[in-house]
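# Coordinate inspection notes
The primary structure of each chain is shown beneath.
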Amino acid sequence: MAVDELQAIIQRCQILEEADFKGEDFNLFQVAGQKCLEDGYAAQLLEVIQNEKNKVIIKNMGWNLISPLVRCIFMYKQEDDKREHCLRILDQLAQLCNPKELFLGLLEQIEQTSGEQVCQTVMLLLQPLQTVLLKLQNKKAYSVGLSLAMIMNQLTPLPVPYTKQQIQEDKLGLCQCCNAVVDFAKPFVNEVVKNMEKSSEYNDMELKEELIKFCMQSLKYPLLAAQLEHLEGIEDHPFRHFATEITDILWNVGELIPLVFVHRKGKSPHWENQEFADIERKNSADSLACLSYLMFVQHFGVECFPVVFSPSYLLLCNMTHIEVLLKRTEESVLSKGLDLFESCLLRMEDNSLLHHYLELRGFINVPQDLVKIMTLCPMEHMRKKSLNILQLFIDKFDTEGKYTLFRCLLKTSNHAGVEGYIIKNIKDQIHLALTEYDNIWFTGHHLISLLDLALSLPEGAETDLLQNSDRILASLNLLRYLVIKDCESDNQTGVWTTLGKIEQNFLKPLRVGLNMSKAHYEAEIKNKKENRKEAHSSNTVCSVTVSGEKMPAMTTGMQLQVLHSALFTFDLIESVLARVEELIEVKTKAAMDENS
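A quick note: this is a predicted structure, and the numbers were derived from the prediction, not measured.

## What about the overall build of the protein?
Assigned secondary structure in the protein consists of 25 helices and 2 strands. Classification of the 596 residues of the protein by burial places 48% in the buried group. Carbon and sulfur atoms make up 50% of the accessible area of the protein, which amounts to about 30,100 Å² in all.

Given below as C-alpha cells:
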C-alpha cells in the first residue's frame, strides 16, 4: 500500500541527520508520495507533511512532490475533498520546504506547462511562489525577475481576447491570470517603495529594475494587443484594470514620467549579438508606444502628469511612438497608433505647428505611413480614419509647413488618389491666400515651384490616364480655378507667367494622351463586339491580370462594361480640359484687347 511505503521511508529518514540524506532517499520519497497522490491518499499524505517530527524531511524532500501534486489538483473536480487536500499540501510545502529548492521546483512546473493549462497552472502556483520569494534572502531581486519573466513568457503565446464576447468568456483565463500576476508582484513593489521612502538615495536598483522589466513586458503583451476602450456591459474591464495596475507600479517606483519623456536611453542591456540588441530595441519601442497610448488616449496615470508641456512638445515626444504603431498591420495595434496621433493633434490649434518640425524624421515618416494605411489597409474604417487624421495633420501646420508637406507628399505618395487629394488641398490654400490673407507660400514664385509638381503628367503623353484620373482631374480643377480667380493683369499666383510651361508639360501631353487612349479603347470595344458576334454568345469567359494578380474571370459583356466605363472617364477629363483651354483663350484674348 502506498501509505505504508511512505511511512517506511519516513521512519527510516527520521533517524538520519539532515546531512546524511542520500539521493536514493529523495527518489524513494518522491515515488511513494506520488503513489499516495495518484491512489487517492492525499489526506494521509497531508497528515505526514503536517507531522512536526517530519519537518526536516519535508524541508529537504517536499519540493519533489510539486509536479505530481499539480497533476492531481487538475485531475480532481473543484468540489472534490481530495482536491482540497492537495491544495492544503501545496500550501504546507510553501511554508515548510527549503525556499531555494521549492522556488526552482515551482518555476520548472510553470515552464513545463503549455496550451490551455498555462493560466490555470500559473494562477495555482502564484501564491506558493510569492510565499517562497518573500522568504529568500540571497538573489531575491534576480529570483523575482526570473519568476515574472518566466510567467510572462509562458502567457505570451496565448491569444489576447479582443471582442466583448471574448473578454467576457475569457476561455483560457488570460484576463484573470494577468491581474493575478499583478497582485503577485505587489509585495515586491511595496518593498521598493518602502526602501525609497527610507532614503532619497535608494541604491538597491535591482528589484526596481526587475519590476520595470515586468511592466515593459506587460505593456507589449497583453496590453498592446488588448481592446482597452470602455465596453458596454463590462463594468470591471479586466485589461483596463491591468493597465491601471501597471501604470500604478511605474508611478510608485518613480519611473512613469521618465519613461514617457526620457525613453530610458542607455538603460537597455548591452548585447554582443546585434540581433539580440535589435530585438531588445524593438520590444522596448513597442512597450513605450503602448505606455504613451495608455496615458494620452486612455488617460491612465494622467493625474500624475505635469500640466506644463505645450501641445506641440507632446506631439514631438509622441511622434516616435506613433511611427512605431503605424508600421504595424494588426488592427488592435494600428488603431492605437491612429488614436494616439489624433489625440495629440486635437490638443493643438490650427496653423500653430511650426514648419521647423518637418526637419525631424518622424514628422515626414508618419504622414507617409498614413498614406500607406489609406491606400493599402484592407479595413475601410482604418483607411477613412487615416485620411481624416492626415487632413488634421495638414491643418495644424503654419503655411510654410503646409507648403513643405504638400511638396513632400506629391513626391513620395505614388498614388493618384492621394496626389489628387493633396492638389485639392493646394487649391484650398491658394483660395485662402487670395481671399482672406496674404501669404508668400501660396502665391508668387513659391507657388510656381509647387505648380510644377502639381500640373504635370508623370510620364508625359504615355501616362496611364485611367490609373491617374484622380490626380489629373484635381490638377485640371486647380488650373481652372487659377485661370478664373487670378486675372492676368494681377497675376498674384504667377500662373500667367508660367502658362507656357504648363501648356507644354501638362495640357498638350494630356490632349495627346487622351486621343491615344480613346482611340485604343474604342478599337478594343469594336474588337470585343466583333468577337462576340463570331462566337454567337456573350458568355465567353477570359482571364484578366491586374498588377501581376489574376482577377476573377470576366465574360465579354463584363469586359465591354469596363471599357465603356474607361471611355466615360476619358470624356470627363476631356470636357474639363476643353473648359480650361477655353478659359485660357478667353482670358488671354481679353488681356490682349485691354493692352491694344
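## Focus: the packing of helix α9 (residues 140–155) against helix α11 (residues 174–198)
Packing of α9 against α11 brings their axes to within 12 Å, and their N-to-C directions diverge by 170°. Regarding the angle of α9 to α11, the classification is roughly antiparallel. From α9, K140, V144, S147, L148, I151 and L155 reach across to α11, where they touch L174, C177, V181, F184, A185, F188 and E191. When the residues that make up the contact of α9 with α11 are grouped by side-chain class, the tally is 10 nonpolar, 1 polar and 2 charged.

## Let's talk about the packing of aromatic side chains
Counted by the stated rule, this structure contains 12 aromatic pairs. When the centroid spacing of 5.4 Å and the interplanar angle of 85° are considered together, the rings of F296 and F305 count as edge-to-face. The buried category is assigned to F305, whose relative accessible area is 13%. Taken together, the ring pairs connect F341, Y357, F363, F393 and F397 into an aromatic cluster. A cation sits over an aromatic face here: K336 above Y293, 5.5 Å from the ring centre.

## A few points about the packing of helix α20 (residues 399–412) against helix α22 (residues 444–454)
Two elements in contact, α20 and α22, have axes separated by 10 Å at closest approach and are oriented at 20°. One finds that α20 runs roughly parallel with respect to α22. Two packed elements cross with a definite hand, and for α20 against α22 that hand is left-handed. Here Y403, F406, R407, L410 and K411 of α20 lie close against α22, whose contacting residues are H446, L447, S449, L450, L453 and A454. A breakdown of the residues in the contact of α20 with α22 according to their chemical character gives 7 nonpolar, 2 polar and 2 charged.

## Observations regarding a nonpolar patch on the surface
Nonpolar side chains collect at one region of the surface, where V308, F309, Y313, L316 and L360 lie side by side and expose about 410 Å² of accessible area between them. Structurally, the position occupied by L316 is in helix α16 (residues 311–326). Taking relative accessible area as the criterion, L316 reaches 31% and is therefore assigned partly exposed.

## Some remarks on the environment of F406
With respect to the secondary-structure elements, F406 resides in helix α20. Spatially, the C-alpha atoms of F406 and E419 are 9.1 Å apart, while their sequence positions differ by 13 residues. Excluding residues that lie within four positions of it along the chain, F406 makes contacts with I394, I422, N425, I426, Q429, F442 and L450.

## Observations concerning unusual backbone geometry
If a residue is not glycine, its phi is most likely negative; likewise, a peptide bond is most likely trans. Residue P222 is bonded to the preceding Y221 through a cis peptide linkage, with omega at 10°. Along the polypeptide, P222 turns up in helix α12 (residues 205–223). With phi around 50°, K139 is a residue other than glycine that occupies positive phi space. Tracing the backbone shows K139 in the loop between α8 (118–135) and α9. The phi dihedral of N351 falls on the positive side, at around 65°, and the residue is not glycine. Turning to its location among the elements, N351 is positioned in the loop between α17 (331–346) and α18 (361–376). Accessibility expressed as a relative area gives 45% for N351, which makes it partly exposed.

## With respect to the side chain of Q130
Here Q130 is to be found in helix α8. Of the residues examined, Q130 reaches a relative accessible area of 12% and is grouped as buried. Those residues in contact with Q130 that lie beyond four places of it in its chain are D183, F184, P187 and F188.

## Remarks on the environment of V3
Looking at where V3 falls in the secondary structure, it is placed in helix α1 (residues 2–14). Residue V3 is classed as buried on the basis of its relative accessible area, which comes to 11%. The sequence separation of V3 and G33 amounts to 30 residues, and the corresponding C-alpha distance is 8.1 Å. Setting aside anything within four residues of it in sequence, one finds V3 in contact with C36, Y41 and Q44.

## Examining the state of the cysteines
The tally for this structure, following the rule as stated, stands at 0 disulfides. Cysteine C72 shares no disulfide, and the gap to the nearest cysteine sulfur, in C86, comes to 5.3 Å.

## Side note on the pattern of salt bridges
Taken as a whole, this structure holds 26 salt bridges when the rule is applied. Here K384 ties to E380 by a salt bridge, and the two come within 3.2 Å at their closest N and O atoms. Of this pair, K384 and E380 both sit in helix α19 (residues 380–396), 4 residues apart, which is roughly one turn of the helix. The shortest N-O distance in the salt bridge between K518 and D571 comes to 3.1 Å. A residue pair is termed long-range when its members are at least 10 positions apart, and K518 in helix α24 (residues 499–535) and D571 in helix α25 (residues 556–595) qualify at 53 residues. By relative accessible area, which is 38% here, D571 ends up partly exposed. Beyond isolated ion pairs, a larger network of salt bridges with shared partners links R511, K518, D571, E574 and E581.

Criteria and cut-off values
Residues numbered from 1 in each chain as written. Predicted model: local features only at pLDDT ≥ 70, side-chain atom pairs only at ≥ 80, totals over all residues. Heavy atoms only, no water. Helix = DSSP H or I, 4+ residues; strand = E, 2+ residues; numbered from the N terminus. Buried < 20%, exposed > 50% of the residue type's maximum accessible area, 1.4 Å probe, protein only. Areas by Shrake-Rupley, 256 points an atom, 1.4 Å probe, with all protein chains shown as cover. Axes fitted to C-alpha atoms, helices over the stretch in contact; angles between N-to-C directions. Parallel < 35°, antiparallel > 145°, perpendicular 65-115°, else oblique. Contact = heavy atoms within 4.5 Å. Nonpolar A, V, L, I, M, F, W, Y, C, P; charged D, E, K, R; others polar. Phe/Tyr/Trp six-rings, centres within 6.5 Å; stacked < 30°, edge-to-face > 60°. Lys NZ or Arg CZ within 6 Å of the ring centre and 35° of its normal. Left-handed = near helix turned anticlockwise from the far one by under 90°. Patch = residues over 30% accessible without salt bridge, like charges linked within 9 Å, V, L, I, M, F, W, Y side chains within 5 Å. Salt bridge = Lys/Arg side-chain N within 4 Å of Asp/Glu carboxyl O. Disulfide = S-S within 2.5 Å.

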